[in-house]
Amino acid sequence: MSFTDWKIETINNILPEEFYNLIEKNKNHIAKIFPVTLENAADLEKTKQFIALNQDKENHKEGYFFYPRDINTNALIGYLCIKSIDNQKAKCELGYFVDEDYQGKGIISKLVSETLAFCFNTLKMNKVFICTSKINTASQQIALKHHFKQEGILREEFKSSEGTLEDVVYFGLLKSEYNTHER
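Residues numbered from 1 in each chain as written. Predicted model: local features only at pLDDT ≥ 70, side-chain atom pairs only at ≥ 80, totals over all residues. Heavy atoms only, no water.

A.B. asks: Before we go on, may I ask you to explain helix H4 (residues 44-59) in this structure?
C.D. replies: Because each turn of an α-helix spans 3.6 residues, side chains separated by three or four positions end up pointing in the same direction. The end-to-end C-alpha distance of H4 is 22 Å, a good match for the 22 Å that 16 residues give at a rise of 1.5 Å each. All of the buried residues in H4 are Thr47, Phe50, Ile51, Asn54 and Glu58. Considered in projection along H4, the buried side chains sweep an arc of 95° and stay on one side of the axis. Buried residues along H4 sit in contact with helix H1 (16-25), helix H3 (35-40), strand E2 (64-70) and strand E3 (78-86). The N-cap residue of H4 is Asp43: its side-chain oxygen and the backbone nitrogen of Glu45 are 3.1 Å apart. At the C-terminal side of H4, Lys61 shows a positive phi close to 60°. (Helix = DSSP H or I, 4+ residues; strand = E, 2+ residues; numbered from the N terminus. Expected span 1.5 Å × (residues − 1). Buried < 20%, exposed > 50% of the residue type's maximum accessible area, 1.4 Å probe, protein only. Arc of directions from axis to C-beta. Contact = heavy atoms within 4.5 Å. Polar contact = N/O pair within 3.5 Å; in protein donor to acceptor, adjacent residues only side chain to side chain.)

Dropping the structure here:
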């Protein structure tokens, strides 16, 4: 099922209140995969600081932030960040989620596709990677659909919201692979 009534917004078009509402609405849905974001959006004041910090990161080219927005309701329906940017090695990481009510509609797939073009063509990255929980099969399917290769399991690499260290599955996509599949 495809949902096409949405657009991609950048951080400069996001109000802290609407990001807070997105996080608040999806707390249970994202608790295990975005504990830092949850903590940074625990209340409206923290959310304002978090958005300001991320705007500063984007201004200094240390991170980039994209938000799908439902055109009909004007609500934010997801979040994608480009983080862990290493310009020396020309690589970066993607982290993303979609509002629980919009899962399975192709939104994250399209958002990842657009972001990969930005990473490889604008940022001139050589590698984009995704680290995901072993139980997050939806995220793993997004990686595989976009021709990422599973490169391994990073043991006890991620601290969960419960404070336990968990393994993550590491997927990587090289620019040469991206170029091959985009033709």
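A.B. asks: Honestly, the packing of aromatic side chains in this entry has me stumped. Any pointers?
C.D. replies: Centre distance and the angle of the planes are the two values used to describe a pair of aromatic rings. Counted under the stated rule, the structure contains eleven aromatic pairs. Their ring planes at 85° and their centres at 5.8 Å tell us that Phe19 and Tyr67 sit as a pair that is edge-to-face. Of the two residues, Phe19 is situated in helix H1 and Tyr67 in strand E2; the sequence distance between them amounts to 48 residues. Ring geometry for Phe34 against Phe97: centres 5.2 Å apart, planes inclined by 65°, an arrangement best described as edge-to-face. With a gap of 63 residues between them, Phe34 in the loop between helix H2 (27-30) and H3 and Phe97 in strand E4 (residues 91-98) connect regions that are remote in the sequence. (Phe/Tyr/Trp six-rings, centres within 6.5 Å; stacked < 30°, edge-to-face > 60°.)

A.B. asks: I'm lost on unusual backbone geometry in this one. Help?
C.D. replies: Unusually for a residue other than glycine, His147 sits at a positive phi of about 70°. With respect to the helices and strands, His147 occurs in the loop between helix H6 (137-145) and strand E6 (149-159). Even without being glycine, Glu156 reaches a positive phi, approximately 50°. If you trace the backbone, Glu156 turns up in strand E6.

A.B. asks: It is not clear to me how the pattern of salt bridges should be interpreted in this structure. Could you clarify?
C.D. replies: Applying the stated rule across the entire model yields ten salt bridges. Lys25 is paired through a salt bridge with Asp99; the nearest N and O atoms lie 2.8 Å apart. Here the residue Lys25 occupies a position in helix H1, and Asp99 occupies one in the loop between E4 and helix H5 (107-122), the gap between them amounting to 74 residues. The salt bridge partner of Glu162 is Lys32, with a shortest N-O separation of 3.6 Å. (Salt bridge = Lys/Arg side-chain N within 4 Å of Asp/Glu carboxyl O.)

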